[in-house]
Amino acid sequence: MDRNDSFRGFVAGHQQALMRTAYLLTGDAHQAEDLLQSVLLKVLGRWSRLSHVERPEAYARKALLNQYISWRRRRVSTELPAADPPDRPYSGEDSTIVRLVMRQALMRLPPRQRAVIVLRYYEDRTERETAELLSCSIGTVKSQAHYALARLRELAPELAPKLVDLETEEAYR
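Residues numbered from 1 in each chain as written. Predicted model: local features only at pLDDT ≥ 70, side-chain atom pairs only at ≥ 80, totals over all residues. Heavy atoms only, no water.

Participant: Sorry if this is basic, but what is going on with the overall build of the chain here?
Facilitator: Within the chain, the secondary structure is distributed over 9 helices and 0 strands. N-terminal to C-terminal, the α/β element order of the chain is α-α-α-α-α-α-α-α-α. For the chain, the proportion of its 173 residues judged to be buried stands at 37%. For the chain, contacts bridging at least 24 residues in sequence account for 64% of all contacts bridging at least 6. As presented, the chain carries roughly 10300 Å² of accessible surface, and 51% of it is formed by carbon and sulfur atoms. (Helix = DSSP H or I, 4+ residues; strand = E, 2+ residues; numbered from the N terminus. Buried < 20%, exposed > 50% of the residue type's maximum accessible area, 1.4 Å probe, protein only. Contact = heavy atoms within 4.5 Å. Areas by Shrake-Rupley, 256 points an atom, 1.4 Å probe, with all protein chains shown as cover.)

Participant: Is there a simple way to think about helix H7 (residues 127-134) in this case?
Facilitator: Because the α-helix completes a turn every 3.6 residues, residues three or four places apart line up on one side. Here H7 has its buried residues at Thr130, Ala131, Leu133 and Leu134. Buried residues along H7 cover an arc of 165 degrees about the axis, so they all sit on one side. Exposed residues pointing more than 90 degrees away from the buried face of H7 are listed as Arg128 and Glu132. Backbone geometry just downstream of H7 places serine 135 in the positive-phi region, at approximately 55 degrees. (Arc of directions from axis to C-beta.)

Participant: I tried to follow the nonpolar core on my own but got confused; where do I start?
Facilitator: Proteins that are soluble and globular tend to have nonpolar side chains buried together. Residues Phe7, Phe10, Val43, Leu64, Leu65, Ile117 and Leu134 are the most contacted members of the largest nonpolar core, which totals 44 residues. At the level of elements, helix H1 (3-26), helix H2 (29-45), helix H3 (47-50), helix H4 (56-74), helix H5 (95-107), helix H6 (111-122), H7 and helix H8 (138-155) are the ones that each hand at least two residues to this core. The element contributing the most residues to this core is H1, with 7 residues. What valine 43 contacts, discounting residues up to four positions off in sequence, is Phe7, Phe10, Leu50, Tyr59 and Ala60. (Core = buried A, V, L, I, M, F, W, Y, C linked by side-chain atoms within 4.5 Å.)

Participant: When you look at the side chain of glutamine 113 in this model, what are you seeing that I'm missing?
Facilitator: For glutamine 113, the position within the fold is in helix H6. Glutamine 113 gets classed as buried once you look at its relative accessible area, which sits at 12%.

Participant: When you look at the environment of arginine 112 in this model, what are you seeing that I'm missing?
Facilitator: Along the chain, arginine 112 falls in helix H6. With 47 residues separating them along the chain, arginine 112 and leucine 65 place their C-alpha atoms 8.9 Å apart.

Participant: Quick question: what am I supposed to make of H8 here?
Facilitator: Here H8 contains 18 residues, and its C-alpha end-to-end distance of 25 Å stays within 8% of the 26 Å for a straight helix at 1.5 Å per residue. Considered for burial, the residues of H8 that qualify are Val141, Gln144, Ala145, Ala148, Leu149 and Leu152. Down the axis of H8, the sector holding all buried residues measures 135 degrees, keeping them to one side. (Expected span 1.5 Å × (residues − 1).)

Participant: When you look at the pattern of salt bridges in this model, what are you seeing that I'm missing?
Facilitator: Any two side chains of opposite charge can pair, on the condition that their charged atoms come close. Across all of its chains, the model carries 5 salt bridges by this definition. Across the salt bridge formed by arginine 61 and glutamate 123, the nearest N and O atoms sit 2.9 Å from each other. Placement of the pair is arginine 61 in helix H4 and glutamate 123 in the loop between H6 and H7, with a sequence separation of 62 residues. Glutamate 123 matches arginine 61 in its accessibility class, with the two residues each being buried. (Salt bridge = Lys/Arg side-chain N within 4 Å of Asp/Glu carboxyl O.)

Participant: Which parts of the structure should I look at to understand unusual backbone geometry?
Facilitator: When glycine is set aside, most residues are seen to have a negative phi, and most peptide bonds are trans. With phi around 55 degrees, aspartate 124 is a residue other than glycine that occupies positive phi space. Along the chain, the position of aspartate 124 falls in the loop between H6 and H7. A relative accessible area of 51% places aspartate 124 in the exposed class. Located in the positive-phi region is serine 135, a residue other than glycine, with phi close to 55 degrees. The topology assignment puts serine 135 in the loop between H7 and H8.

Purely geometric numbers; function is a separate question.
What follows is the structure, given as structure tokens:
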């Protein structure tokens, strides 16, 4: 198998998971595609060394997070997505509304807090894995998660009961 075939196999096996993470970070499918494409170009450039590593997807995921945080720092505009959820009463049973509200609130978090929430709760990673991916201490992951959950409760009070469950669950891990 040559270098290109090996890389194509890597992309085929991990593209969907990396795209999901990119989408959760950016909140926009087009930005997520751009983010993932730029990261995959970097990974391709280093593929001759990465193809022999046990988990090249860990490198790609870390590059994705670093690129996202870098993009957010350079962002000139301070625009925030402002689409309102549908004009109908909130129902705890309606998962679509919950996802929309959560997505809006998530997009208003600072980049590092959003990255912590995505890794810890959407990808179900441990504090240690999250700390390694973000190149920070476990204490930083804990504090960022705490502040992010508090901010999410402010931004979307209707989700507060679900967020309290997450923090309670964290305390018992």
